[in-house]
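Chain by chain, the residues run as shown.
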Amino acid sequence: MAKNKSYAAAVSASDPSSSSSLSATTIDSSRAANQKDKNTLSNYQAVKTQHLKLQLNVDFGRYVLDGWAEHTMVVLQSGAPSSRAIFDTSSGLRVHKAEVNGVEAAFTFGAPHAVFGTPLEVSLAAAGVLHKGNTLIVRIYYTTTPTASACQWLPPAQTAGKKHPYLFTQSQAIHARSIFPCQDAPAVKMTYSARVRVPQWATALMSALRSEEKEFVDGAGCRTYVWEQPVSMPSYLVALAVGDLQSRDISPRCRVWAEPSVVEAARYEFDQTEEFLQHAEALTCDYVWTRYDILCLPPSFPYGGMENPCLTFATPTLLAGDRSLADVIAHEIAHSWTGNLVTNTTWEHFYLNEGWTMWLQRKIMARIHGDPMIFELDAEWLGWPHLEESVAAFKDQMELTALVPDLTGVDPDDAFSSIPYEKGFSLLVRLERIVGTVEFERFAKHYIHTFQYKTVTSAEFKQTLLDFFKQDPRLVSLPWDEIFYEPGLPPKPVYETERLAGPSLALADAWFEGGREGGKEGGGVFARWTTLQKQIFLERLLGRMEKEGRMMGVPVLEAMDREYQLSSSKNAEIRFRWTVLCLRAGAKFVVGNALDFVTSQGRMKFTRPLYKELYKSKMASSLALEIFKKNAMFYHPICRKMVAADLGLRLASDGTLEEGPMEGGKKRGVKDVKWGWGEGCPLSQEAMLLVGVGLGAAMLAGLFVLLRQKRK
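As the structure is a prediction and not an experimental result, all values here were calculated from the model.

Caption draft 1: Just the side chain of Thr-455, in detail. Within the fold, Thr-455 resides in strand 23 (residues 454-456). Those residues within four positions of Thr-455 in sequence are excluded, and the remaining contacts are Pro-186, Ala-187, Lys-189, Thr-343, Asn-344, Thr-345 and Glu-460.

Shown next as structure tokens:
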């Protein structure tokens, strides 16, 4: 993949101090300093939440949460701006009553926004004339809807135990507003407390510290759990999970939770958590959140992990049986400092959460393995290819590939990719190379200390960097406008990874060039490799097919599978890359495996690319649509929405699929798909035939029912 020419010309990897500037007419240089969140409808800059108190009843029968949310707020602007408090809501959240300082208050809903939901305006007249610095309490009584975008309600059949239902929430980026009225912006950091009432068989967990001494069982046989979060955090980190759960201790401050049939496997897989935590503390500062627990969720969880304070959510796709995928936990642990303790002010500065977290994750893993090369190995052979793929996927929306993109009117979910992770990481590596590792690690501690419990913009990050290094000319002269605003790939850092990557690359090249004979000697070697080295092997094959336009032969892939048992791998990362490799090569033998993979888990890292690969393949395009339509309700609402968009399908207001394609037809990321059966209809000839047969069968069945009714 070629670098963006204007950026690469301005800044070369071999000359990190070179500089140039974009034309002032092509950029808005104020974005780096922007503190106004473009993805909220709230008036948090006039009156702002400091503490949130929740009282909720979890109703599995109606698939709703009902209760109240109480906001302790501080006035930031005197006069008219603070005459009302405006909260974000979405997914049809219903409000029954509002109170201000204990007195019932008037409230209205504003005009709904297609992306950001519906603003809820609560009059503050009951609080009298408000001045800057005044505090007040706003309580809102409400009920969510079954389609709340943060919630996934699982029937017993979709759990491991098959006996009880399950609920979990996923609020990042702007979905907290679907489960409680809030000022849903990262800049609003608050403490919170909660009381959650659940059936007696259930355990409720939250991103907070449990107050067991305050819990009780009521006369109806329901248990109320009590939680306190004394460290301020944004709304997207408020998390709730309810299910049949058990726990196992890993250390005095670390515990793993999961369904009973999964908990032992999860404890084994995540047994290094305390060690990860100690390495992270050595690189940053003391862990402030008291507990670090992990909840291993059901398969439909849409992410690898979610850094909810005190309670990381983790996908069961990490359960490889050999602790080989634990780097995801290192990533979520790193977020305890970069993202949770120090938070991006708006989603336009998201790389300050994720780029720093990738840097810290790779530092942790290098220390775990006792080899500094692990840092560069992961970055070069996994991180950089992901960045190239993401930039290519946004070819029609290149503005979203900037390090600091303009998110005006944009759903942050639609801008989500590896770009803030890997482009942000590449910037930090570049800075580290300029000042040296020891000094940059000192700066990392200073940066975290400076912004802990606060939020940070790109301009503040830059200024802190320059101040710490006393206006070092090598840093001052960097082309900061290009760094922040230029779309496309940044300069690729030069990595030294030959010692660890060389064997993987050599074996991959032998298979690619020599076929079955070329890779004959690699079986024993492959089995001894780490997961990362096996991933590099598969990434090399994928990369060569892409760049050389030459597909591997199916007999060669079958021989490789016999040699390395790739199709039966329990490691999700290996299985994913192997499946993509075979689909791109047109290997029909992998289609069944691919369909099983996309329907047995809902992690978007795997599910979205696999549906795209299936959809654009000649052998499984119609199957991809058919399988997704059949299994759509298995996926979390966020995943369902994104895959539907990838496949050009429409979602109804209740989250179910509608017939016909989305407006605009072909969507980003679905490449080389032939449309058939009229304009914009994504159906192949095979699918049309299936539809015809299905319609015929339905007509016959209807006729049969009609005849039976007449006979009665």
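Now that the structure has been shown, we can carry on.
Caption draft 2: Molecular detail of the environment of Ala-258. With respect to the secondary-structure elements, Ala-258 resides in strand 18 (residues 254-258). Sequence spacing of Ala-258 and Gln-246 is 12 residues, and the spatial spacing of their C-alpha atoms is 5.7 Å. In contact with Ala-258, other than residues within four places in its own chain, are Asp-244, Leu-245, Gln-246, Val-263, Ala-266, Leu-295 and Cys-296.

Caption draft 3: The packing of helix 6 (residues 373-393) against helix 15 (residues 531-548), seen in detail. As a packed pair, helix 6 and helix 15 sit with axes 10 Å apart at the nearest point and diverge in direction by 40°. Our classification of the angle between helix 6 and helix 15 gives oblique. Every pair of crossing elements has a handedness; the one defined by helix 6 and helix 15 is left-handed. Between helix 6 and helix 15, the residues in contact are Leu-377, Asp-378, Trp-381, Leu-382, Pro-385 and His-386 and Leu-532, Gln-535, Ile-536, Glu-539 and Arg-540, respectively. Tallied by class, residues from the contact of helix 6 with helix 15 come to 6 nonpolar, 2 polar and 3 charged.

Caption draft 4: Empty space enclosed by the protein, seen in detail. Applying the stated criterion across every chain, the model contains 6 cavities of 30 Å³ or more. Approximately 240 Å³ is the volume found for the largest cavity. Taken together, 17 residues line the largest cavity, and the ones lying closest to its centre are Phe-350, Pro-412, Ala-415, Phe-416 and Pro-420. Counting only elements with at least two residues in the lining of the largest cavity, the list comes to helix 7 (412-415) and helix 8 (419-435). A total of 3 residues in the lining of the largest cavity trace back to one element, the largest contributor, which is helix 7. Looking at the lining of the largest cavity residue by residue, the classes come out as 14 nonpolar, 1 polar and 2 charged. Its boundaries defined by the atoms lining it, the second largest cavity holds a volume of some 60 Å³. Lining the second largest cavity, in full, are Leu-54, Leu-56, Leu-65, Thr-169, Ile-179, Phe-180, Met-206, Val-238, Ala-239 and Leu-240.

Caption draft 5: Seen up close, the sheet that holds strand 6 (residues 107-109). Read across the open sheet, the 3 strands follow the order 3-7-6; overall the sheet is antiparallel. Where the open sheet ends on each side, the last strands, each with one partner, are strand 3 (84-89) and strand 6. Each adjacent strand pair in this sheet contributes to an overall mean axis angle of 20°, direction not counted. Where strand 3 and strand 7 (residues 118-123) come together, 6 bridges link them in antiparallel fashion. Each residue of the ladder has a partner; that of Thr-89, found in strand 7, is Thr-118.

Caption draft 6: Representation of the pattern of salt bridges in the model. Summed over the entire model, instances satisfying the criterion amount to 46 salt bridges. The shortest N-O distance in the salt bridge between Glu-548 and Arg-544 comes to 2.8 Å. Of the two residues, Glu-548 and Arg-544 are both situated in helix 15; the distance of 4 residues between them amounts to about one turn of the helix. Overall, the relative accessible area of 41% leaves Glu-548 in the partly exposed class. Given a relative accessible area of 14%, Arg-544 falls into the buried group. The shortest N-O distance in the salt bridge between Glu-573 and Arg-577 comes to 2.7 Å. Of this pair, Glu-573 and Arg-577 both sit in helix 17 (residues 572-584), 4 residues apart, roughly one helical turn. For Arg-577, a relative accessible area of 2% gives the class buried. Because the salt bridges share partners, they merge into one network encompassing Asp-509, Glu-513, Arg-540, Arg-544, Glu-548 and Arg-550.

Caption draft 7: Spatial organisation of the pairing of strand 17 (residues 246-251). Bridge analysis of strand 17 against strand 18 gives 5 bridges, and the strand direction is antiparallel. Paired with Arg-248 across the bridge in strand 18 is Val-256. Between strand 17 and strand 18, which pair antiparallel one after the other, the connecting turn spans 2 residues.

Caption draft 8: Expanded view of the environment of Ile-448. Within the fold, Ile-448 resides in helix 9 (residues 437-451). Residue classification places Ile-448 among the buried positions, given a relative accessible area of 3%. Separated by 164 residues in the primary sequence, Ile-448 and Thr-284 have C-alpha atoms spaced 7.1 Å apart. Excluding residues that lie within four positions of it along the chain, Ile-448 makes contacts with Thr-284, Cys-285, Trp-337, Thr-338, Leu-341 and Val-342.

Caption draft 9: Molecular detail of the sheet that holds strand 18. Pairing is mixed across the open sheet formed by 5 strands, whose spatial order is 17-18-19-21-20. Of all strands in the sheet, those bounded by a partner on one side alone are strand 17 and strand 20 (305-306). Where strand 20 and strand 21 (residues 311-314) come together, 2 bridges link them in antiparallel fashion. The partner of Met-306 across the bridge, within strand 21, is Phe-313. Relative to strand 19 (residues 292-296), helix 4 (residues 327-334) is tilted by about 135°, and along the sheet it contacts strand 19, strand 20 and strand 21.

Caption draft 10: Quick peek at unusual backbone geometry. Here Gln-172 and Ala-173 are connected by a cis peptide whose omega angle stands at 5°. Checked against the element boundaries, Ala-173 lands in the loop between strand 10 (166-169) and strand 11 (190-199). With phi around 70°, Tyr-453 is a residue other than glycine that occupies positive phi space. For Tyr-453, the location among the structural elements is in the loop between helix 9 and strand 23. We note that Gln-471 has phi near 55°; this positive angle belongs to a residue other than glycine. Classification of Gln-471 as partly exposed rests on a relative accessible area of 37%.

Caption draft 11: Inspection of helix 9 at higher detail. Taking 1.5 Å per residue as the helical rise, helix 9 with its 15 residues ought to reach 21 Å, and the 21 Å between its terminal C-alpha atoms agrees with that figure. Of all the positions in helix 9, only Phe-440, Phe-443, Ala-444, Tyr-447, Ile-448 and Phe-451 are classed as buried. Across the axial projection of helix 9, the buried residues extend over an arc of 135°, all falling on one side. The exposed set on the far side of helix 9, more than 90 degrees from its buried face, consists of Val-438 and His-449. In this structure, the buried side of helix 9 is in contact with strand 22 (342-344), helix 5 (351-369), helix 8, strand 23 and helix 10 (458-468).

What counts and what doesn't
Residues numbered from 1 in each chain as written. Predicted model: local features only at pLDDT ≥ 70, side-chain atom pairs only at ≥ 80, totals over all residues. Heavy atoms only, no water. Helix = DSSP H or I, 4+ residues; strand = E, 2+ residues; numbered from the N terminus. Contact = heavy atoms within 4.5 Å. Axes fitted to C-alpha atoms, helices over the stretch in contact; angles between N-to-C directions. Parallel < 35°, antiparallel > 145°, perpendicular 65-115°, else oblique. Left-handed = near helix turned anticlockwise from the far one by under 90°. Nonpolar A, V, L, I, M, F, W, Y, C, P; charged D, E, K, R; others polar. 1 Å grid on protein atoms, 1.4 Å probe; cavity = no way out; pocket = protein on both sides within 12 Å on 5 of 7 lines; lining within 4 Å. Points joined across faces, edges and corners; volume = space filled by probe spheres on them. Pairing = 2+ DSSP bridges. Salt bridge = Lys/Arg side-chain N within 4 Å of Asp/Glu carboxyl O. Buried < 20%, exposed > 50% of the residue type's maximum accessible area, 1.4 Å probe, protein only. Expected span 1.5 Å × (residues − 1). Arc of directions from axis to C-beta.

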